[in-house]
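Summary of the model geometry
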Amino acid sequence: MSFGSPYFTLPDFTYHKPRTLRDALELLEKYGDDAKILAGGVGLIAFMKERLVSPSHVIDVKEIPELKRLEYRKGEGLIIGATITFSELESHQVVREKYRALYQAVKLASDSIIRNRATLVGNVCEAIPWVDGPPPLIAYGAEVEIRSLDRVRRVPVADFIKGPVEIDLEPREIVTSIHVPEVPDEAKSGFVKFNIGSEFALVNLAAYLSLNGKKKDVRLVYGAISPKPVRALEAEKILLAEGDMRTLITSAALKASEELEVISDVLASEDFRRHLIKVLTVKLLTELIGGG
Amino acid sequence: MVHKITLTVNGYKRTVEVKDNELLLDVLRDKLKIKGLKAACWRGECGLCTVLLNGKLVKSCLVLAVEVDGSEIVTVEGLSRDGELTELQKAFIEHGALQCGFCTPAFVLASHQLLLENPNPTDEEIKEKLSGILCRCGTYYEIIEAIKSASNFYRKKQR
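Residues numbered from 1 in each chain as written. Chains lettered and ligands numbered in written order. Predicted model: local features only at pLDDT ≥ 70, side-chain atom pairs only at ≥ 80, totals over all residues. Heavy atoms only, no water.

What follows concerns helix α5 (residues 100–108) of chain A. Listing the buried residues of α5 of chain A in full gives Ala101, Leu102, Tyr103, Ala105 and Val106 of chain A. After α5 of chain A finishes, the residue Ser110 of chain A shows a positive phi value of roughly 45 degrees. (Buried < 20%, exposed > 50% of the residue type's maximum accessible area, 1.4 Å probe, protein only. Helix = DSSP H or I, 4+ residues; strand = E, 2+ residues; numbered from the N terminus.)

Our next topic: the pairing of strand β3 (residues 57–60) of chain A. Residues and elements named next belong to chain A. Residues His57 and Ile59 of β3 are buried on one face, and the alternating residues Val58 and Asp60, pointing to the opposite face, are buried as well. As paired strands, strand β1 (residues 14–16) and β3 are joined by three bridges and run parallel to one another. Bridging across to β3, His16 finds its partner in Ile59. Where strand β2 (residues 35–38) and β3 come together, four bridges link them in parallel fashion. Bridge pairing in β3 links Ala35 to His57. A crossover links β2 with its parallel partner β3, the connecting element being helix α2 (residues 44–49), and its sense is right-handed. (Pairing = 2+ DSSP bridges. Right-handed = clockwise from strand over helix to strand, strands pointing away.)

Looking now at the interface of chain B and chain A. Counting residues at the interface gives 26 residues for chain B and 33 residues for chain A. Taking both partners together, chain B and chain A bury about 2,400 Å²; carbon and sulfur atoms supply 54% of that area. Run the count over chain B and chain A and you get five salt bridges. Across the chain B-chain A interface, the total number found is 14 residue pairs in polar contact (both at pLDDT 80 or more). Elements supplying a minimum of two residues to the side of chain B that touches chain A: β3 (50–53), β4 (56–59) and α4 (123–129) of chain B. Its residues assigned to classes, the side of chain B that touches chain A shows twelve nonpolar, five polar and nine charged. (Contact = heavy atoms within 4.5 Å. Buried area = accessible area lost by both parts, 1.4 Å probe. Salt bridge = Lys/Arg side-chain N within 4 Å of Asp/Glu carboxyl O. Polar contact = N/O pair within 3.5 Å; in protein donor to acceptor, adjacent residues only side chain to side chain. Nonpolar A, V, L, I, M, F, W, Y, C, P; charged D, E, K, R; others polar.)

Further remarks concern unusual backbone geometry. Residue and element names in this part refer to chain B. Residue Lys33 is not a glycine yet carries a positive backbone phi of 60 degrees. Note on placement: Lys33 falls in the loop between α1 (24–31) and β3. Phi angles above zero are rare outside glycine, and Asn54 is one such case at about 45 degrees. Within the secondary structure, Asn54 is located in the loop between β3 and β4.

Another aspect to go through is the packing of helix α11 (residues 245–259) of chain A against helix α12 (residues 270–289) of chain A. All names here are of chain A. In the contact formed by α11 and α12, the axes pass within 8 Å of each other and the chain directions differ by 150 degrees. As judged from the angle between their axes, α11 and α12 are roughly antiparallel. Between α11 and α12 the crossing geometry is right-handed. Touching Met245, Ile249, Ala253, Leu254, Ala256, Ser257 and Glu258 of α11 are Arg274, Ile277, Lys278, Thr281, Val282, Leu285, Thr286 and Ile289, all from α12. (Axes fitted to C-alpha atoms, helices over the stretch in contact; angles between N-to-C directions. Parallel < 35°, antiparallel > 145°, perpendicular 65-115°, else oblique. Left-handed = near helix turned anticlockwise from the far one by under 90°.)

Residues and elements named next belong to chain B. For helix α3 (residues 104–117), with 14 residues, the first-to-last C-alpha span of 20 Å sits near the 20 Å given by 1.5 Å per residue. Among the 14 residues that make up α3, twelve are buried, leaving the element largely enclosed by the rest of the structure. Every buried residue of α3 is accounted for by Thr104, Pro105, Ala106, Phe107, Val108, Leu109, Ala110, Ser111, His112, Gln113, Leu114 and Leu115. Where α3 is buried, its residues meet β3, β4, β5 (72–74), α2 (87–94), α4 and α5 (140–158). (Expected span 1.5 Å × (residues − 1).)

Once that is clear, we can look at the sheet that holds strand β14 (residues 230–231) of chain A. All names here are of chain A. Judged by pairing direction, the sheet is antiparallel, and its four strands sit side by side in the order β11-β12-β13-β14 without closing on themselves. The open sheet has two edge strands, β11 (188–194) and β14, and neither has a second partner. Two strands pair when backbone bridges link them, and strand β12 (residues 203–210) and strand β13 (residues 217–223) are joined in this way by seven bridges, in the antiparallel orientation. What sits directly across from Leu205, in β13, is Tyr222. Sheet strands touched by α5: β11 and β12. Its angle to β11, the strand with the most contacts, is close to 25 degrees.

Structure below.
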């Protein structure tokens, strides 16, 4: 994370380690704006060192049993608790076999030592445009579950992330889990990104395709190209049409590279990112459905 | 606030007083005088402060000391027995898998853990597992060779 020169110490704060969700919510009710939730810490501690955030209260939620859930229920889907790490997801059999886009994203995120600490919920809550967690979740239509003392609500990940470091969460609320819907057996999904080593992606892409069921469904979600992950809706339509799959893939990739708003920054120009969108789309879709 | 925390470090119980905002990295190095882990980037990039926390590799610059009260920590100092280098450490020397040596403790610890989990790794698996640790001298090729040559001992241990 290179936001500037690092400080070697953390600002002063009071550390809390609630043992129940209720205790955590009461602390949030009390300290609200002046508190931050700590799970894996790979984001929060780095940001605090850079003085991007300086909360007076840090609430460590790692000992709260409800947040340690990682469950799959047939017909319902996957529930990922707020303290579930990338490594735990990587070694989960259902994630590996059924939620391929999520599996490939968590397996490629950052580096294996960071993945032992980093949580998927933390990754989503940071809402940094170039991280790998959100695109597959949006492709599956996943929702975050949010709690406060008096309310439970669910919001699609696509709406929860409002922009860079901006999420739909009040200071008195906490994200308790992510719910990923069941996917049909015939559906295919995958994730690909362009990056160097463990650096952040210049473009990442999650695809979800259900082409053989009663209702055809295609979602292409691109990250790192704009303030928040976006779907290429026109390109998705092309893939829903009948025709030679290779031709459809080529025109969908071209359409995706043209239809989206793409940023230019110090890491990559807009033109280069558009080129990457095209290349990655062809690569991923060919792997997933190119044979058909 | 000052917290009294107890850690098992390389097999020894250690009790130490820490403040809320102290990093595990600083407590291990400055208060417990464990100097095998190094402080370099302080922001989770270089991996030189990597330790085993309850059996998992973590970068200790991104962990609060107060978070890990009651945990078990292993650093490179905890690998050798009776002052004798391990086969993995000897392999690092034999293959010249270091120049300045600053990253070596982290690489030795992480490759030890890698070989425990997977005693027969491919080059790709080694590169992937160790991608979170940086060697500024660029001895990556030799590190991979050292790990592969020491892997034999880990396979034997498993049998």
